Amino acid sequence: MAQRSDSESDADSCSSLPSSADNPSLIHSRNPDSNPNPTSSGSIPTLLHLSFNQNNACFAAGTDSGFLVFQCEPFKLQFRRDFLPQPRGAVGFVAMLFRSQMLGLVGPPNAGSDPLQPPMFPSNKLMIWNDVDSRCIGELSFRSDVKSVRLRNDRIVVVLQHRVYVYNFADLRLVHQIETAANPRGLCEVSHVVGPMVLVTLGLQKGQLRIEDYRSKRTKFVMAHDSRIACLTLTQDGRLLATASNKGTLIRVFNALDGSLLQEVRRGSERAEIYSLAFSSTAQWLAASSEKGTVHVFCLKAVSGLLGNDGSCAGAEQSRSDQPSKLSLSLLKGILPRYFSSEWSVAQFRLNEGLQYLVAFGLQKNTLMIIGMDGSFHRCQFDPVAGGEMTQLEYYNFLEPAEETS
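Residues numbered from 1 in each chain as written. Predicted model: local features only at pLDDT ≥ 70, side-chain atom pairs only at ≥ 80, totals over all residues. Heavy atoms only, no water.

1. Points about the side chain of E73
Definition in use: Secondary structure elements are taken from DSSP: a helix is a run of H or I of four residues or more, a strand is a run of E of two residues or more, and numbering for both begins at the N terminus. For each residue, the accessible area found with a 1.4 Å probe, counting protein chains only, is set against the maximum for its type, and the residue is called buried under 20%, exposed over 50%, and partly exposed in between. Just so you know, the count uses Lys and Arg for positive and Asp and Glu for negative, and it drops His and the chain ends. A pairing counts as a salt bridge when a side-chain nitrogen of Lys or Arg comes within 4 Å of a carboxyl oxygen of Asp or Glu. The term polar contact refers here to a pair of N or O atoms within 3.5 Å; inside protein, the definition further demands a hydrogen-donor-capable atom paired with an acceptor-capable atom, and it admits residues adjacent in sequence only when both atoms are side-chain atoms. Between two residues, a contact is recorded if the distance between any of their heavy atoms is within 4.5 Å.
By the secondary structure assignment, E73 is in the loop between strand 6 (66-71) and strand 7 (76-84). For the buried E73, no salt bridge is present, and the opposite-charge side chain at shortest range is R379, 4.2 Å distant. In terms of polar contacts, E73 uses its side chain to reach the backbone amide nitrogen of L363, at 2.8 Å. Ignoring anything within four residues of it in the chain, the contact list for E73 reads A57, G362, L363, Q364, M369 and R379.

2. Concerning the packing of aromatic side chains
Under the convention used in this document: Under the pairing criterion, centres of Phe, Tyr and Trp rings, with the six-membered ring standing for Trp, must be within 6.5 Å; the plane angle then separates stacked pairs below 30 degrees from edge-to-face pairs above 60, leaving the rest tilted.
As enumerated under the stated definition, the model contains 20 aromatic pairs in all. With 5.1 Å between their ring centres and 55° between their planes, F70 and F398 make a pair best called tilted. In this pair, F70 sits in strand 6 while F398 sits in the segment after strand 32 (391-397), placing the two residues 328 residues apart along the sequence. Across the pair, F398 and F70 agree in class, each one buried.

3. Brief notes about the nonpolar core
For clarity, the threshold we go by: Definition of nonpolar core: a set of buried residues of the types Ala, Val, Leu, Ile, Met, Phe, Trp, Tyr and Cys, connected through side-chain atoms within 4.5 Å.
Within the largest apolar cluster, 22 residues are counted, with the highest numbers of intra-cluster contacts made by L126, L140, F142, V149, I156, V158 and Y167. Breaking this core down by element, the ones donating at least two residues are strand 8 (93-96), strand 9 (102-106), strand 10 (125-130), strand 11 (135-142), strand 12 (148-151), strand 13 (155-159) and strand 14 (163-168). For this core, the element with the highest residue contribution is strand 11, accounting for 3 residues. Counting 18 residues, the second largest nonpolar core, distinct from the first, contains A347, F349, L351 and V359.

4. Points about the sheet that holds strand 22 (residues 250-255)
Strand pairing in a sheet relies on backbone hydrogen bonds, with the paired strands running either antiparallel or parallel. We count it as follows: We treat two strands as partners when DSSP finds at least two bridges between them. Convention adopted: a line fitted to C-alpha atoms gives each axis, helices being fitted over their contacting stretch, and angles between N-to-C directions are expressed from 0 to 180 degrees.
Here 4 strands make up an open sheet; going across it, the order is 20-21-22-23 and the pairing antiparallel. Looking at strand neighbours, the two that pair on one side only are strand 20 (229-234) and strand 23 (261-266), the edges of this open sheet. Ignoring strand direction, the axes of neighbouring strands in this sheet form an average angle of 20°.

5. Focus on the pattern of salt bridges
Tallying each qualifying case throughout the model produces 13 salt bridges. Between R152 and D154 there is a salt bridge, with its nearest N and O atoms 2.9 Å apart. Judged by relative accessible area, R152 falls into the buried class, the value being 4%. Note on D154: relative accessible area 30%, which makes it partly exposed. Here E270 ties to K292 by a salt bridge, and the two come within 3.1 Å at their closest N and O atoms. A residue pair is termed long-range when its members are at least 10 positions apart, and E270 in the loop between strand 23 and strand 24 (274-279) and K292 in the loop between strand 25 (285-290) and strand 26 (294-299) qualify at 22 residues. K292 gets classed as partly exposed once you look at its relative accessible area, which sits at 28%.

Dropping the structure here:
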């Protein structure tokens, strides 16, 4: 990749392939044994980051010694990379590019605090890693920490605290930069279908979203919530957007093309931090995880009609035990607060409270995958009509040493 220097704001440089002296030492092969649990040396890595790839076929885990990539269905370890010496090879953020062996790696915050042990992956650099050659093939440097990264076949999106940078993947040329409100979580999503990108990130005001439609070359601002936005997700085609605020009680679904509100669903009555939101491939379902430990699946009736789907979730009964009855709602509509007329989740799955979990819909119909910062992988199935508690189909602890498994 050609070397390029950018002087605007936080962006410092885009440099070429690091020299061989800078390449980290590697252990573990790219073709592990068939056991789905990754570690074979008895050492259990510390998880720093988890993320699904663009089509939910795989997920990646950043650890204090490197990274791991897993296939979801059937569940198995694809490859593992440990960088020596530990902890210089810590990976605080890892982004996959579909099922390719191209990844974006960022070090954890304060990774360069020890001058005697400089990190292999600084927190202010995005390293483009090609696992076929087991080396970094390019990097983007900034004056502040990288908060998150989104990869497309044609674009690299880097999110900083107050700015989003869009680069051309082929030559790392800066093509767009966006100023945002404070964004410590690196909230940003992009579409992944072939063609011009749709990008959603924070606006300049509290509760505001900015939608960049590169197809129409239009920018739209949407006031999604009264309070700070805590989580967002986008459909593959960039047509639908779901958001949650730091209150975590309501989740809103918008038309990303015009910014109109399509549907509002309720996670619960108490405040909670929303960790993850995910649309199903048909956008008939929306899943959410929170610090309360319950994963919810919501039926998007209004959205299904808009997209022309078959509306198979339209008959689903909301099964939350503490929701008001439909009879009560019909009698008291217009009298009681909006809470009592809210749309609740159709299905739920209970996990440990306080732990961070990410959700994604599986390849099989009406299935959900859940990965946790405790090293857990769950695959569950929900009943789209009866609703209620989901059935667990599969469970793995992907950090458990292989010799301790049967």
